[in-house]
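Structural overview
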Amino acid sequence: MRKKRLVLEFLSFSLAFVLFGCNNQILSSNYDNNVEKSSITEYEKLFSKAPHLAYDEYGMGGYIDKKGEWVISPQYLQVGTFYDGLAAVKDFETGLWGYIDTYGNMVIEPRFEVVGDFHDGTSVVKVTPDEMQDSERYGIINKKGEYILKPYYSSVSNFYDDYALTYYNWTNEYWFLNRNGEEALGPFDFASIFNHGRAIVQKNGQYYIIDKEGNRYNFTIDVVGLGSPVYYNISHRLWDDGDRIDQKYDFLEGVPVESSNTGMALANIDGEIISPYYHYIFPFRGEYASARIMQDGRLWYGFVDREFNWVIQPQFYGASNFYDGKAWVETGEMRTDWAIIDESGSILSIKEEHDGITVDKYDAIRTSNGVPIPAYKDQGNGNSERKGGYIDWNYNEIIPFQFDEVKTFAKDGSYAVVKENGLYGMIDGKGAWLIMPKFSQLTEKL
């Protein structure tokens, strides 16, 4: 009996090997889509839900594990990050986009001209002229590749707060469609996607707010313009040949609205003005917001708190919002005249150039406190070449200047993408290789 059981186990193993081991597209696939443990590093999280995209030395895309080994072999013209368990891939033979799962199975055949990423079970796609001749060809599919919204639209957002925002070129109208594909709210001359149950729309030259039932909330001032929106769509692939309509306004952080004669202020979810007027004000990020005023004949930037008190007086030629307790400010009229400040307004050591070392201001504010900052150093001796490495906030070298290109570290400092000898790999916070440099492209973060 024991002998018979061993034979059956061997036959089962052999069958599994035949079914899976001979498929050179899929070498491994053991991913937990529910992993969100705070105890694991950002590097481990990068590979915990799905394999990570990469391109081989010939420019073909596939997916790797945290050892840098191919688990879905490089065979695609382009590859996207996994979202909702699926990733968009561009087929080598047809040049069209489809979707694979984390096992490398093609679950939606390549038939689309342009695609987005899946979000709550749906994704925006653009079909080919062969599939739909007499339309603008944007629609929404589910994970089976079935149309939730037929591809009739000039532009379409994914569903957000139960509505997809569509635009028709031939009528210049925006409509909100429900998940049944029905025109629920509209038409409008302009619209933003829903956020926190509200959206900003414009009709006959007037801006106002609507809720999901279509109730109207008028702004308490005559709004002639809006501040810059944020974008929720993850992939830029979708917008290669069309306008972006995935803009949203975060009502909880304040919507920048501009009046015809008093300047710009922040409005709340009901359209009420909640701030003083400025020449420009950004939505809050954390406890502070960057604001710009006209003073002594020129524009100056400073920072206000949530009671709109100046916590850092307007004194800069330019400024970003705060990120992780840091912001960049322009200290002179030249764009190279900048520095990094903390929330007290004190200037930290980092500026664009110091003793042959250059730092990008966006890299500096995106780097978490205590994590090495990417920088470049001239090689000297008449050599115009520069090499990348990592420094601390006092320009001390943490990781030697030996790379062709350096990216910012993950927020916990567990990994960064670097380029050496023309190929990309990943290093840890001490500069040791996590993944050897052997890829023509390797994404920095999710």
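So, here is what we can say about the structure in this document.

1. Re the overall build of the chain
If you tally the helices and strands in the chain, you get 3 helices and 41 strands. Within the span of the chain, comprising 446 residues, buried residues form 49% of the whole. Nonlocal contacts in the chain, meaning residues at least 24 apart in sequence, comprise 36% of its contacts between residues at least 6 apart. With the model as given, the accessible surface of the chain reaches about 22200 Å², and the carbon-plus-sulfur share is 46%.

2. So, the pattern of salt bridges
Under the definition given, this model contains 16 salt bridges. With a shortest N-O distance of 3.5 Å, Lys326 and Asp324 are connected by a salt bridge. You can call Lys326 buried: its relative accessible area is 1%. Note on Asp324: relative accessible area 44%, which makes it partly exposed. Linking Glu330 and Arg335 is a salt bridge whose minimum nitrogen-to-oxygen distance equals 3.4 Å. Overall, the relative accessible area of 8% leaves Glu330 in the buried class. Take Arg335: its relative accessible area is 65%, and that puts it in the exposed class. Among the ionic contacts, a cluster of salt bridges with common partners joins Glu113, Lys126 and Arg137.

3. Comments concerning the environment of Ile221
With respect to the helices and strands, the residue Ile221 is situated in the loop between β18 (216–218) and β19 (223–226). For Ile221 and Thr262, which are 41 residues apart along the polypeptide, the C-alpha to C-alpha distance reads 9.7 Å. Ignoring any residue separated from it by four or fewer positions in sequence, one finds Ile221 in contact with Val257, Ser259, Ile273 and Tyr277.

4. Digging into the packing of aromatic side chains
A full pass over the atoms with the stated rule returns 24 aromatic pairs. Ring geometry for Tyr168 against Trp170: centres 5.1 Å apart, planes inclined by 70°, an arrangement best described as edge-to-face. Assessed through its relative accessible area of 9%, Tyr168 is described here as buried. Judged by centre distance (5.9 Å) and plane angle (90°), the rings of Tyr278 and Trp310 are edge-to-face. Of this pair, Tyr278 sits in the loop between β23 (264–267) and β24 (280–281) while Trp310 is found in strand β27 (residues 310–316), placing the two residues 32 residues apart along the sequence. Cluster of aromatic residues (ring-pair linked, three or more members): Tyr152, Tyr153, Tyr168 and Trp170. Over the ring of Tyr208 we find Arg216; its NZ or CZ atom is 3.7 Å from the centre of that ring. Just above the ring of Tyr376 sits the side chain of Arg386; from NZ or CZ to the centre is 3.9 Å.

Rules of the game
- Residues numbered from 1 in each chain as written.
- Predicted model: local features only at pLDDT ≥ 70, side-chain atom pairs only at ≥ 80, totals over all residues.
- Heavy atoms only, no water.
- Helix = DSSP H or I, 4+ residues; strand = E, 2+ residues; numbered from the N terminus.
- Buried < 20%, exposed > 50% of the residue type's maximum accessible area, 1.4 Å probe, protein only.
- Contact = heavy atoms within 4.5 Å.
- Areas by Shrake-Rupley, 256 points an atom, 1.4 Å probe, with all protein chains shown as cover.
- Salt bridge = Lys/Arg side-chain N within 4 Å of Asp/Glu carboxyl O.
- Phe/Tyr/Trp six-rings, centres within 6.5 Å; stacked < 30°, edge-to-face > 60°.
- Lys NZ or Arg CZ within 6 Å of the ring centre and 35° of its normal.

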